[in-house]
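Per-entry structural report
Here is what each chain is made of, one letter per residue.
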Amino acid sequence: MTSFRQAAAVFRRDARIQLSYPFQMVSQVTGPMLMVFSFFFIGRLVGDSPALARYEGGYFPFVVVGLVVVRLADSALSAFTAGIRAEQASGTLELILASPTRLSRLFAGWMAWPLTVAGVQAGILFVASVVVAGGAFDLAAIPAAVPAFVLTVGSFAAIGLVSGAFVVVTKRGDPFGPLVMAATNLVAGALFPVEILPGWLQALARAFPAFYGFNAMRAVLLGGESFLSTLDELAVLAVFDLALVAAGLWLVGRALTLARVTGTLATG
Amino acid sequence: MLRIEGISKTYPPASGALRLLMRTASDVPVVALRDVSLTVAPGEVVGLVGPNGAGKSTLFRIVATLLEPTAGTVTVDGFDLVSHPEEIRRRIGLVLEGARGVYGRLSGFNNLEFFGVMAGLDHASARRRARELLEMFGLADRDRRVFGYSSGMRVRLALARALVADPPFLLLDEPTRSLDPAGSAETMTLIRRLADAGRAVLFATHRLDEVRDGCDRVVVLTSGRVRFDGAPAGADLVALMEQTP
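This is a predicted model, so every value here is computed, not measured. (Residues numbered from 1 in each chain as written. Chains lettered and ligands numbered in written order. Predicted model: local features only at pLDDT ≥ 70, side-chain atom pairs only at ≥ 80, totals over all residues. Heavy atoms only, no water.)

Quick look at the overall build of chain A now. Along its length, chain A carries 10 helices and 0 strands. Order of helices (α) and strands (β) in chain A, N terminus to C terminus: α-α-α-α-α-α-α-α-α-α. By the compact-globule yardstick of 18 Å for 268 residues, chain A fits well, its C-alpha radius of gyration being 20 Å. Taken over the C-alpha atoms alone, chain A extends approximately 60 × 40 × 35 Å along its principal axes. Considering chain A as a whole, with its 268 residues, one finds that 51% of them fall into the buried category. For chain A, long-range pairs separated by at least 24 residues make up 77% of all intrachain contacts whose partners lie at least 6 apart in sequence. (Helix = DSSP H or I, 4+ residues; strand = E, 2+ residues; numbered from the N terminus. Rg over C-alpha atoms; globule rule 2.2 N^0.38 Å. Buried < 20%, exposed > 50% of the residue type's maximum accessible area, 1.4 Å probe, protein only. Contact = heavy atoms within 4.5 Å.)

Residue and element names in this part refer to chain B. The sheet built from 6 strands is open, its strands ordered β6-β7-β8-β3-β9-β10 with mixed pairing. What marks the edges here is a single partner per strand, and that holds for β6 (92-95) and β10 (225-230). Going from strand to strand, the sheet's axes swing by 15 degrees on average, the running direction of each strand aside. Examined bridge by bridge, β6 and strand β7 (residues 169-173) share 4 bridges and lie parallel to one another. Of the residues in β7, the one forming a bridge with glycine 93 is leucine 170. Packing against the sheet, helix α2 (residues 56-63) makes contact with β3 (45-49), β6, β7, β8 (200-204) and β9 (217-222), and its axis sits at approximately 150 degrees to β7. Docked against the sheet, helix α7 (residues 181-196) engages β3, β7 and β8, running at close to 155 degrees with respect to β8. (Pairing = 2+ DSSP bridges. Axes fitted to C-alpha atoms, helices over the stretch in contact; angles between N-to-C directions.)

Attention shifts here to a nonpolar patch on the surface. On the surface, a nonpolar cluster with roughly 310 Å² of combined accessible area is contributed by Leu139, Ile142, Val146 and Val150 of chain A. Looking at where valine 150 of chain A falls in the secondary structure, it is placed in helix α6 (residues 142-170). (Patch = residues over 30% accessible without salt bridge, like charges linked within 9 Å, V, L, I, M, F, W, Y side chains within 5 Å. Areas by Shrake-Rupley, 256 points an atom, 1.4 Å probe, with all protein chains shown as cover. Salt bridge = Lys/Arg side-chain N within 4 Å of Asp/Glu carboxyl O.)

In many analyses, interface size is given as the accessible surface area lost on bringing the parts together. On the chain A side, the residues contacting the 37 residues of chain B number 37 residues. Contact with chain A buries area across many residues of chain B, yet Leu66, Arg105 and Met118 of chain B alone supply 21% of it, more than any other trio. One can count 3 salt bridges joining chain B with chain A. Taking the shortest distance from any N to any O, the salt bridge between glutamate 86 of chain B and arginine 102 of chain A comes out at 3.4 Å. There are 16 residue pairs in polar contact (both at pLDDT 80 or more) connecting chain B and chain A. Counting residues per element, the ones that place at least two in the side of chain B that touches chain A are β1 (2-11), α1 (18-21), α3 (85-91) and α4 (108-118) of chain B. Top element by residues in the side of chain B that touches chain A is α4 of chain B. It accounts for 6 residues. Broken down by class, the residue content of the side of chain B that touches chain A amounts to 19 nonpolar, 6 polar and 12 charged. (Buried area = accessible area lost by both parts, 1.4 Å probe. Polar contact = N/O pair within 3.5 Å; in protein donor to acceptor, adjacent residues only side chain to side chain. Nonpolar A, V, L, I, M, F, W, Y, C, P; charged D, E, K, R; others polar.)

Moving on, we come to the pairing of β8 of chain B. Residues and elements named next belong to chain B. Counting buried positions along β8 gives 5 out of 5 residues, so the element sits mostly inside the fold. A two-sided burial pattern is seen for β8, the buried positions comprising Ala200, Leu202 and Ala204 on one face and Val201 and Phe203 on the other. In the sheet, β3 pairs with β8 via 4 bridges, with the strands oriented parallel. In the strand pairing of β8, valine 45 is matched with valine 201. Inspection of the sheet shows β7 paired to β8 by 5 bridges, in the parallel sense. Directly across from leucine 171, in β8, lies its bridge partner leucine 202. Note on the crossover from β7 through α7 to β8: the handedness is right-handed. (Right-handed = clockwise from strand over helix to strand, strands pointing away.)

Moving on to the side chain of arginine 61 of chain B. By secondary structure assignment, the location of arginine 61 of chain B is in helix α2. The exposure class assigned to arginine 61 of chain B is buried, which follows from its relative accessible area of 12%. Setting aside residues up to four positions removed in sequence, arginine 61 of chain B forms contacts with Glu94 of chain A together with Leu66, Leu67, Leu96, Glu97 and Asp173 of chain B.

Moving on, we come to the packing of α6 of chain A against helix α10 (residues 231-262) of chain A. Residue and element names in this part refer to chain A. Packing of α6 against α10 brings their axes to within 8 Å, and their N-to-C directions diverge by 20 degrees. As the angle between them shows, α6 and α10 are arranged roughly parallel. For the pair α6 and α10, the crossing hand works out as left-handed. Class assignment for the residues of the contact of α6 with α10 results in 22 nonpolar, 4 polar and 1 charged. (Parallel < 35°, antiparallel > 145°, perpendicular 65-115°, else oblique. Left-handed = near helix turned anticlockwise from the far one by under 90°.)

Residues and elements named next belong to chain B. Taken in spatial order, the 4 strands line up as β2-β1-β4-β5 in an open sheet, and their pairing is antiparallel. In this open sheet, the two edge strands, each paired with only one partner strand, are β2 (30-40) and β5 (79-80). Direction of pairing for β1 relative to β2: antiparallel, over a ladder of 7 bridges. When the bridges of β2 are listed, leucine 2 appears paired with valine 40.

All names here are of chain A. With 32 residues, α10 ought to run about 46 Å at 1.5 Å a step, and its terminal C-alpha atoms sit 46 Å apart, in line with that. Here α10 has its buried residues at Leu234, Leu237, Asp241, Leu244, Gly248, Val252, Ala255, Leu256, Ala259, Arg260 and Thr262. Just beyond α10, the residue with positive phi is glycine 263, at close to 75 degrees. (Expected span 1.5 Å × (residues − 1).)

Turning next to the packing of aromatic side chains. The description of two aromatic rings rests on the distance between their centres and on the angle between their planes. Counted by the stated rule, this structure contains 13 aromatic pairs over all chains. Grouping aromatic residues by their ring pairs yields a cluster made of Phe40, Phe41 and Phe60 of chain A. Of note, arginine 218 of chain A hangs over the ring of phenylalanine 62 of chain A, and the distance from its end group to the ring centre comes to 3.5 Å. The ring of phenylalanine 115 of chain B has arginine 161 of chain B sitting right over it, with the charged end atom 5.6 Å from the ring centre. (Phe/Tyr/Trp six-rings, centres within 6.5 Å; stacked < 30°, edge-to-face > 60°. Lys NZ or Arg CZ within 6 Å of the ring centre and 35° of its normal.)

Our focus in this paragraph is the nonpolar core. The biggest cluster of nonpolar side chains holds 104 residues, and the ones touching the most others in it are Leu2, Leu171 and Leu202 of chain B. Counting residues per element, this core draws most heavily on helix α6 (residues 151-162) of chain B, which supplies 7 residues. Counting 58 residues, the second largest nonpolar core, distinct from the first, contains Val36, Phe39, Ala205 and Ala210 of chain A. (Core = buried A, V, L, I, M, F, W, Y, C linked by side-chain atoms within 4.5 Å.)

Reading predicted coordinates in detail is not appropriate for stretches of low pLDDT. Residue and element names in this part refer to chain B. The pLDDT averaged across chain B works out to 89; a share of 97% of its residues lies at or above 70. Per-element confidence in chain B is highest for α4, whose mean pLDDT is 96, and lowest for α1, whose mean pLDDT is 70. Here the prediction assigns the complex a pTM of 0.87, and the interface score ipTM is 0.89. (pLDDT = per-residue confidence, 0-100.)

Spelled out as structure tokens, the structure:
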């Protein structure tokens, strides 16, 4: 109960701070809607590519699935490092680390507000896309896509922990976040099918958990396949998540210990 | 009882592969504290004075579990710093570097409510405690977003934050650094009241008048060593602070 209470307190605090900048909220809501129209017209330009043959509706619904996931993935990936930097800037990082709050509760709290905002943005993006694209999406299949969605976003959050460990040490220069997002867009299939890539890049795609997530979600939402047909992808995602969370928590612990020895915990 | 025994701290430089990732303040080891021992009893205000770089902030951060000592032990109510850091965190209220460490976009009430929950209170208790503390520190009628607070109000809010879970020990690192003489005197009166209620207070400052008027004992720290530990009355603090190794 305490863990939920403290994560909820961080969420409430972040919500109060962010909502005190009202114009920022307006731009956060309108941004995704404008993106929908851009990709709708790119979809018209692309037309019926053979690489998209197994998906219903052509390029636009295909890319919408990628955009929805990327919106949340980006937030999950950066939430931890953004949380550390925000606490450093307000001079509260040491005070929180000197309180009896467990790190896991703090991590959960730091992720809650950014993921909520990203969830709202992704929801707006998806609803706007359904309105624009009509019946391309199998809306009844959404519950079957949820496990792949959660595991995919979870893998980005876990990579965010690894990035956060580096930021505790390096202060600036997240070595993973930008690289992972660029690879997700380029290689893992967020914006176009990996089948159009050279063979070696297609092989590289399998090193990214998002590849399996995109495949599973598109299979049920646009390919007419059942939830059971995605179990292989879900298993791979679960293994990625477990390994990355374990590595992330271990690295964060090591980074904090190092910062406590070198006296660099609160330095910017 | 807060007991600090033989604490030493040397900041190591980043070495080997770590040098590619991080920069420490110096490329050679920096000795910040050497064999520092002192105690603070309940009801006592102990002033910690020394020139800049004497090691005061390092000592505060070690007691607050934010830094690992190179040698020595710290116990709070018998709990050891290394083996029971969470127990120590439950017992210590902290003010670091004046009035830093509050969220400017939140009201004083929301700041206290947040830090109360982080200190382990349930939400309702944290709200109740926040109201009590705003009353106690004379902020209840003027509460607004903290970026609109005066320096004196911020200091009072930082003290209130340190008290939110009613800890028996207070570590106050230069809480009066940005205050005018009247604000400083008011803060010292508050600190005295907190000690009279049974709390142990370790208080760092550069103002010797605050130490003489408001502290039961003074500890003079220079170059990481304790040069004096005793009653402030009659002690030549200026001469003590000029001592070098």
